[in-house]
Amino acid sequence: MLDARFVRDNTDAVRKVMSDRNASWDVEEFIAADEKRRAIIGTVEALQATRNEASRAIGILMKDGKRDEAEAAKGEVRQINEQVAELDETLAQLEAQVRDLLMTAPNIPDSSVPIGAGEDDNVEVRRWGTPRQFDFEAKAHWDLGPEMGIIDFERGVKLTKSRFVVLGRDGARLNRALINFMLDTHGSRGYTEWAVPAMANSETLTGTGQLPKFEEDLFKTSEGLYLIPTAEVQLTNLHRDEVLEGAELPLHYVGYTPCFREEAGSAGRDTRGMIRVHQFDKVEMVKFARPEESFDELEGMVVDAENILQLLGLPYRIIVLCTGDMGFGAAKTYDLEVWLPSYDNFKEISSCSNCVDFQSRRAAIKYRDPETFKGSRLVHTLNGSGLAVGRCLVAVLENYQQADGSVIIPEVLRPYMGGQELISPLA
RNA sequence: GGAGAGUUGGCCGAGUUGGUUGAAGGCGCUCGCCUGCUAAGCGAGUAAGGGGUUUAGAACCCCUUCGAGGGUUCGAAUCCCUCACUCUCCGCCA
């Protein structure tokens, strides 16, 4: 959520930002509604002030036993209340309008973000590793997995529906090994681990920005709860409506959860394999930081995500998303893209964003630091995948496959698989 | 799922015959004093959100908020209704 006062005072800047972002957000409508709203608040509060005073006077009259005078004053107050009730109705409408507008406005990109229309304008920052040259015909995971008996697309459909997958045998173990490896690695670098519910209520989803605008992307239960699309939602909302101590910042959190996405509107994209499915596993990093340090923390978070890929020996590149391609709540986003032979290209495996105060304003996450300022201020929140487990599994299979149909297990994962070095093809 | 008790400021905790109670007291925290340092002690301050004024990184004024929402009333933390959550007992169950 944007700061209403900021929008009010920087209409031109906001207008430009919205166009940079390809967002159709009506600045004029907001300004008009907000102005009306504030005017009504003024009159309502003036009326309330006189009413409060009159009420107090009645109390004194009653105490003094001046019944008649008190009764006369009551009528006057009743009239004021009628006026207030009437104004309150229009005020409620205006407040709803202003809130809805504010809730659907995307975040303002940081000045360092490249301006661009879409994904073609994203800028590559750096690369690591060299994509392997295969001296045999490399297989895509959607062929390799079923042949090895470790990915079962058909039974995923049978059990649930399309875009759900089953992992079997060493595929299931590899998945679990990846999760534990990622959690342990981040844990050893100072991230506190959490295990959180896979379902969340609407306040939680509103706090991180999925609601109200993106409800169609979420699975909803009959009780009005939602399946989480990412652990970011839960890890960030851990501190909703809390005031953190400045001395304990920055906080570095990590958690593993399954993630659920409707993928409404992505029909036809990445339909083969398990790149885009309704349920996938992900290890997520979340940080709470002071405003002045949040962009440094973002760089650090990218390094922590990279570290996983480097330890796994998977080639990747890093890009900065341009204004037109950034997510709703982000002020700046780096994507990590891993090399996938089946795509003959890099594919997103992590997205690390600094949301600055966009989420903390919605979720009321603040911090105090008496040495530096009075009262409390909004913290900055950051989140990043560390990493998407399913896509990582795919990357391992495809990049480490051998001519005989087996797959070498990266060394760092072997301790998590009982020392096993190889996933063998089905006999 | 059934019965009962509860939900007050950063924390603990008073306040239920409705009326200067946004709320006693304590802890914590901030500033000052005192002591050779620390501790103890003394004094002062210390909620959030919103609107407005101004010599505007600060100050002042007003409104709202005592789990949430609604109702009664001139006036509600205090009375009534609905919901959520917590605790205790019972039932059920990984």
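Sequence order as written defines the numbering, with residues in each chain counted from 1. Note on labels: chains are lettered from A, ligands numbered from 1, in written order. In view of the model being predicted, local features appear only for residues whose pLDDT reaches at least 70, and side-chain atom pairs are presented and counted only at 80 or more, with totals across whole chains, interfaces and linings using the full set of residues. Water and hydrogen atoms were dropped before computing side-chain values, which therefore reflect all heavy atoms in the structure.

### Considerations on the confidence of the model for chain A
Step number 1: pLDDT is a per-residue confidence score from the predictor, ranging from 0 to 100. Per-residue pLDDT for chain A averages 93, and the proportion of residues at 70 or more is 100%.
Step number 2: With a pTM of 0.93, the predicted complex shows an ipTM of 0.85.

### Regarding the side chain of Gln210
Step number 1: Checked against the element boundaries, Gln210 lands in the loop between helix H8 (202–208) and strand E6 (226–227).
Step number 2: Whether two residues are in contact is decided by their heavy atoms, any of which lying within 4.5 Å being enough. Excluding residues within four positions of it along the chain, Gln210 makes contact with Leu205, Glu215, Leu218, Pro229, Thr230, Glu232 and Val233. For the purposes of this entry, the term helix denotes a DSSP run of H or I that reaches at least four residues, the term strand denotes a run of E that reaches at least two, and both are numbered from the N terminus.

### What to know about the sheet that holds strand E13 (residues 365–368)
Step number 1: Any two strands are treated as partners once DSSP identifies two or more bridges connecting them. Spatially, 3 strands are ordered E7-E13-E14 in an open sheet, and the strand pairing comes out mixed. Either end of the sheet is taken by a strand with one partner, and the two such strands are strand E7 (242–245) and strand E14 (376–378). Pairwise comparison of adjacent strand axes, ignoring direction, gives a mean angle of 40 degrees for this sheet.
Step number 2: The pairing of E7 with E13 spans 4 bridges and is classified as parallel. Note on E13: the bridge partner recorded for Val243 is Lys366. Structural elements are reduced to axes, namely lines fitted to C-alpha atoms, with helices fitted over the stretch in contact, and the angle between N-to-C directions of any two is expressed from 0 to 180 degrees.

### Re helix H5 (residues 141–148)
Step number 1: Those residues of H5 lying buried are His141, Trp142, Leu144, Gly145 and Met148. Axial view of H5: buried residues confined to an arc of 165 degrees, hence all on one face.
Step number 2: In the stretch just after H5, Gly149 is the one whose phi turns positive, near 75 degrees. Three labels apply to residues, based on accessible area from a 1.4 Å probe with only protein chains included: buried if under 20% of the type maximum, exposed if over 50%, partly exposed otherwise in between. Summarising the geometry, the arc corresponds to the directions from the helix axis toward the C-beta atoms.

### Topic: a negative patch on the surface
Step number 1: Grouping into patches uses exposed residues only, defined as over 30% relative accessible area, and leaves out salt-bridged ones; the cut-off is 9 Å for like charges and 5 Å for nonpolar side chains (Val, Leu, Ile, Met, Phe, Trp, Tyr). Areas reported as accessible are Shrake-Rupley estimates using a 1.4 Å probe. Residue values count occlusion only from the protein chains shown. Salt bridge, as used here: a side-chain nitrogen of Lys or Arg that lies within 4 Å of a carboxyl oxygen of Asp or Glu. Here the positive residues are Lys and Arg and the negative ones are Asp and Glu; neither His nor the chain ends is included. Just so you know, the charge point we use is NZ for Lys, CZ for Arg, CG for Asp and CD for Glu. Taken together, the side chains of Glu119, Asp120, Asp121, Asp325 and Glu348 define an acidic patch exposed on the protein surface.
Step number 2: Take Glu119: it is sitting in the loop between helix H4 (67–103) and strand E1 (123–128).

### Digging into the sheet that holds strand E8 (residues 251–260)
Strands in a sheet are paired, the pairing made by backbone hydrogen bonds, and the direction either parallel or antiparallel.
Step number 1: Within the open sheet, the 8 strands sit side by side as E1-E10-E11-E12-E15-E9-E8-E4. Their pairing is mixed. Where the open sheet ends on each side, the last strands, each with one partner, are E1 and strand E4 (192–194). This sheet shows a mean twist of 25 degrees between the axes of neighbouring strands, independent of strand direction.
Step number 2: In terms of strand pairing, strand E9 (residues 279–289) meets strand E15 (residues 380–388) through 7 bridges, oriented antiparallel. Each residue of the ladder has a partner; that of Lys282, found in E15, is Ala388.
Step number 3: On the sheet, helix H7 (residues 170–188) packs against E4, E8, E9 and E15 and is oriented at approximately 5 degrees with respect to E9.
Step number 4: Strands E9, strand E11 (332–340), strand E12 (345–354) and E15 of the sheet are contacted by helix H12 (residues 389–399), whose axis makes an angle of about 35 degrees with E15.

### A look at the nonpolar core
Step number 1: Of all hydrophobic cores here, the largest spans 57 residues; its most connected members are Leu174, Leu178, Met182 and Leu314.
Step number 2: Among the nonpolar cores identified, the runner-up in size contains 24 residues, and Met1, Val7, Val84 and Leu91 belong to it. In this text, buried Ala, Val, Leu, Ile, Met, Phe, Trp, Tyr and Cys residues form a nonpolar core when linked through side-chain atoms within 4.5 Å.

### Quick notes on unusual backbone geometry
Step number 1: Each neighbour pair has its own omega, and for Leu249 with Pro250 the value is -5 degrees, a cis peptide bond.
Step number 2: With respect to the element layout, Pro250 can be found in the loop between E7 and E8.
Step number 3: Omega for the bond connecting Gly386 with Leu387 falls within 30 degrees of zero, at 10 degrees, which places this linkage in the cis form.
Step number 4: In this structure, Asp241 takes a positive phi of about 60 degrees despite not being glycine.
Step number 5: Secondary-structure assignment places Asp241 in the loop between helix H9 (231–237) and E7.

### Side note on the packing of helix H3 (residues 27–64) against H4
Step number 1: Close contact between H3 and H4 brings their axes to 8 Å; oriented N to C, the two are set at 160 degrees. Judged by the inter-axis angle, H3 sits roughly antiparallel to H4. Pair H3 / H4 crosses with left-handed handedness.
Step number 2: Each residue gets one of three labels, nonpolar for Ala, Val, Leu, Ile, Met, Phe, Trp, Tyr, Cys and Pro, charged for Asp, Glu, Lys and Arg, and polar for the others, Gly among them. In terms of residue class, the contact of H3 with H4 is built from 21 nonpolar, 8 polar and 10 charged. For classification purposes, an angle smaller than 35 degrees is called roughly parallel, one larger than 145 roughly antiparallel, one from 65 to 115 roughly perpendicular, and anything else oblique. Crossing chirality is assigned from the near helix's rotation relative to the far helix, an anticlockwise turn below a right angle marking it left-handed and a clockwise turn marking it right-handed.

### Some words on the packing of helix H2 (residues 11–20) against H3
Step number 1: Axis separation between H2 and H3 bottoms out at 10 Å; the angle between their running directions is 145 degrees. Here H2 contributes Thr11, Val14 and Arg15 to the contact with H3, which in turn contributes Val27, Glu28 and Ile31.
Step number 2: Among the residues forming the contact of H2 with H3, the class breakdown is 3 nonpolar, 1 polar and 2 charged.

### Remarks on the pattern of salt bridges
Step number 1: Throughout the structure, instances matching the rule amount to 26 salt bridges.
Step number 2: Of the charged contacts, one joins Asp34 and Arg8 as a salt bridge, the two residues approaching to 2.8 Å between their closest N and O atoms. Separated by 26 residues along the polypeptide, Asp34 in helix H3 and Arg8 in helix H1 (residues 4–9) bring together distant segments of the chain.
Step number 3: In this structure, Lys16 engages Asp20 in a salt bridge whose closest nitrogen and oxygen atoms are separated by 2.7 Å. Pair noted here: Lys16 and Asp20 are both in helix H2, with a separation of 4 residues, about one helical turn.
Step number 4: Residues joined by salt bridges that share partners form a network here, namely Arg8, Asp34, Arg37, Arg38 and Glu95.

### So, H4
Step number 1: Relative to the 54 Å expected for 37 residues at 1.5 Å per residue, H4 spans 51 Å between its end C-alpha atoms, a close match to the ideal helical length.
Step number 2: Looking at H4, one finds that the buried residues are Ala70, Ala73, Val77, Ile80, Val84, Leu91, Leu94, Val98, Leu101, Leu102 and Met103.
Step number 3: Check the buried side of H4 and you find it contacts H1, H3, H8 and helix H11 (358–363). Expected span, for any helix, means 1.5 Å times one less than how many residues it has.

### What about the pairing of E12?
Step number 1: By the criterion of burial, E12 is predominantly enclosed, with 7 of the 10 residues buried.
Step number 2: Bridging between E11 and E12 involves 9 bridges; their strand directions are antiparallel. Counted as the bridge partner of Leu336 is Ser350 from E12.

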